[in-house]
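Structural overview for review
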Amino acid sequence: MKQDLQKPPADSFERIKIDASHAERITKPSMSFWQDAWLRIRKNKAAIVSMFILAFIIIMAFVGPLISPHDAETQTITHANLPPKIPGFEKLGIMDGVGTLAGKEVDLYEMKKVDTYYWFGTDGLGRDMFSRVWEGTQISLFIAFVAALIDMVIGVAYGGISGYYGGRVDDIMQRIVEILYGIPTLVIVILMLSFMDPGITAIIIAITITGWIGMSRIVRGQVLKFKNQEFVLASRTLGASNNRIITKHILPNILGIIIINTMFTIPTAIFFEAFLSFIGLGLQPPDASLGTLINDGYKLVQFQPHILLFPSIIISLLMIAFNLLGDGLRDALDPKMKD
Amino acid sequence: MAKFITRRVIYMFITFFLIATATFFLMKALPGSPISSASKLSPTQLAIVEAKYGLDQPIPVQYAKYMLNLAQGDLGNSFQFKNASVTDLIIDRLGPSMILGTQGLVLGVTLGILLGMIAALRQNTIWDYGSTFVAIIGISIPSFVFATFLQYWFAVKLELFPVALWKDGWMSSVLPSIALAMGPLATASRFIRTEMVEVLNSDYITLAKSKGANGFEVAFKHAFRNALIPLVTVLGPLAAGLLTGSLVIEQIFAIPGIGEQFVKSIMANDFSIIMGTTLFFSAFLIVVIFLVDVLYGIIDPRIRLSGGKD
């Protein structure tokens, strides 16, 4: 069967008209900066897992003390130093309430005739570690978030003013920063804390007193970069006020970098709080943060390792998750890395 | 270069002067008297004691005296250790801290460089992910948490090393050095990886490869040396991190160093030691940061730091 290829039947083809306007049509939906960033961070498995871990810890920090049958403050001396015991897990041979007493493995719950469960065990005063750990997490997170927020506000304002107004203002402000930058954070924090009454406010002030400098330097650099670009000049020519230029043109452009930097401030603040509490400059009883719980646990590590274990796990998870999420956000938001 | 160094030296002194001044006035603003039994003394006795320590003079005079003493390296006397001079106390305690700090830094940076290089040369393989994982762990887990677990497992449970003893020679310095090394290890490995990846993609590496240099030669002779230079810039933050770490790690392993003494003085409210050590730490960090800046200008011929401009 041979077809005549030279002469195809007239009805097998249809002439179409080219519509020139179609060439310019955008076929994919237009995406905002944040949708774009979300698409990229979604591919980063570590960042997504970190987000879930953080969400879990933050929820537990508020819900944990409520769902525990015991509250954090009640001291039941007869229930002191109990190892963790969780219903369901006890049949697996872990978290079954068995601890060492005078070198022998015994079920301390049976011995002390305790018929409730302490999920994370109890401390030397018979307080429920589960409630205490999550309340400590709450305080640690609170200190970290407030410190990061204050750092961000002061840093953005200082760096923004210094970079935007330039000239003599910038000169004076930068000389001050240069001197402050030379003062080691550790030194200033310890000085402030030995001077102020210990407590949450004192720790937040001590962490933020030099913490904003890094942010202000980054913001200043970014503002300097953007303030002379064409779109800002165009807006200025059209009569936009300084206020409008800063809020509508410059801030949206540096928002990504501000967020990334804040994400890295949070774990630093968590670490500093725990560090200060560990060396005895931080929170004082009855306030408890992860740092003070670790300090308490450390003193008893040979006999009651569970008191150290749980706050250590939570602080490590928090730090790892914040760092990984920060890394992921940097890759997603930093325009230089855009592929 | 000379102009840059002069400028930096001036800033260095201004910074230190500010810290010293702040320290003095904070000490003066503290509630209570430095004489612990002030309430038990009669007014005459109190006046004698105050005169002995120069506390009866007006604040500006005391300040001037304090500054003069400081310029001569005299940090005052401890309240806690029978009036011993703070300068002597610090010098006595310097040895163990320096040994630990050096061991931690050398161990951490060496291993970190190795890990970073492996990660960069074997990009996106299991080696790369492994070293990134170690770096994240090293940056994230607080040194005191890591140290307590090292101590619990290797000293208490396995009994491989002494728990907290500073006598057995190098054996007792193993665990604290490892604990201190985690920070530098993580920082160095991440830094070297980034630098190496950048250098390996540069034109002169392609040229070296096209001229027939083998992989080893490219990695070590051409790439590594250039990737190493910027590592100098993180030495300042690393030194600060080591100091922070030493405060807790000396405490955990009961090492008779400056950090341990400092933490004990905080507990005992011995302000002259707290202030003296604070000043010593500041001086140390300020000098390290200064040296790093100057060193960077000297060893990297591509960067000629010029004075006067930012």
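Residues numbered from 1 in each chain as written. Chains lettered and ligands numbered in written order. Predicted model: local features only at pLDDT ≥ 70, side-chain atom pairs only at ≥ 80, totals over all residues.

1. Some remarks on the overall build of chain B
Note the following rule: A run of H or I in DSSP becomes a helix once it reaches four residues, and a run of E becomes a strand once it reaches two; helices and strands are each numbered from the N terminus. Exposure in this text rests on C-beta crowding, where 20 or more other C-beta atoms within 10 Å of a residue's own make it buried, 12 or fewer make it exposed, and counts in between make it partly exposed. The C-beta atoms are placed from the backbone. Placing a C-beta atom from the backbone of each residue, one calls two residues in contact when those atoms lie within 7 Å.
Of regular secondary structure, chain B possesses 12 helices and zero strands. The order of α-helices and β-strands along chain B, N terminus first, is α-α-α-α-α-α-α-α-α-α-α-α. Here chain B, with 310 residues, has 35% of them falling under the buried criterion. Here the contacts in chain B between residues at least 6 apart in sequence split such that 73% fall between residues at least 24 apart.

2. Structural notes on the packing of helix 8 (residues 230-237) of chain A against helix 9 (residues 242-278) of chain A
All names here are of chain A. Selection rule: A fitted line through C-alpha atoms represents every axis, and for helices the fit uses only the stretch in contact; the resulting angles, taken between N-to-C directions, go from 0 to 180 degrees. For classification, angles of less than 35 degrees are called roughly parallel, those exceeding 145 degrees roughly antiparallel, those between 65 and 115 degrees roughly perpendicular, and all remaining angles oblique. Handedness of a helix crossing follows the sense of rotation of the near helix relative to the far helix, less than a right angle counterclockwise being left-handed and clockwise being right-handed.
Contact pair helix 8 / helix 9: the axes reach a minimum separation of 10 Å and the direction vectors enclose 155 degrees. The angle between helix 8 and helix 9 falls in the class roughly antiparallel. The two elements helix 8 and helix 9 cross, and the hand of that crossing is right-handed. Here helix 8 contributes Phe231, Val232, Ser235 and Arg236 to the contact with helix 9, which in turn contributes Ile245, His249 and Ile250.

3. Comments concerning unusual backbone geometry
Of note in this structure, B:Ala254 is not a glycine but carries a positive phi near 50 degrees. For B:Ala254, the position within the fold is in the loop between helix 10 (235-252) and helix 11 (258-268).

4. Details of the interface of chain B and chain A
Using the following cut-off: Residues are grouped as follows: Ala, Val, Leu, Ile, Met, Phe, Trp, Tyr, Cys and Pro are nonpolar; Asp, Glu, Lys and Arg are charged; all remaining types, including Gly, are polar.
The interface is formed by 37 residues belonging to chain B together with 31 residues belonging to chain A. Of all the secondary-structure elements, those providing two or more residues to the side of chain B that touches chain A are helix 1 (2-29), helix 5 (126-140), helix 6 (143-157), helix 10, helix 11 and helix 12 (271-299) of chain B. The element that contributes the greatest number of residues to the side of chain B that touches chain A is helix 1 of chain B, accounting for 10 residues. Tallied by class, residues from the side of chain B that touches chain A come to 29 nonpolar, eight polar and no charged.

5. Observations regarding the confidence of the model for chain B
Residue and element names in this part refer to chain B. Applicable threshold: The quantity known as pLDDT measures the predictor's confidence residue by residue, on a range of 0 to 100.
Looking at chain B, pLDDT values average 78 and 86% of them are 70 or higher. Residue range residues 305-310 is modelled with pLDDT below 50. Its contacts to residues more than four positions away, or to other chains, number eight contacts. Taken over the whole predicted complex, pTM reads 0.79, whereas the ipTM for its chain interfaces reads 0.76.

6. A short note on the environment of A:Leu308
Residue and element names in this part refer to chain A. With respect to the helices and strands, the residue Leu308 is situated in helix 11 (residues 305-333). On the basis of neighbour counts, which here come to 22 C-beta atoms within 10 Å, the residue Leu308 falls in the buried class. Here the alpha-carbon distance between Leu308 and Ala157, two residues 151 residues apart in the chain, equals 41 Å.

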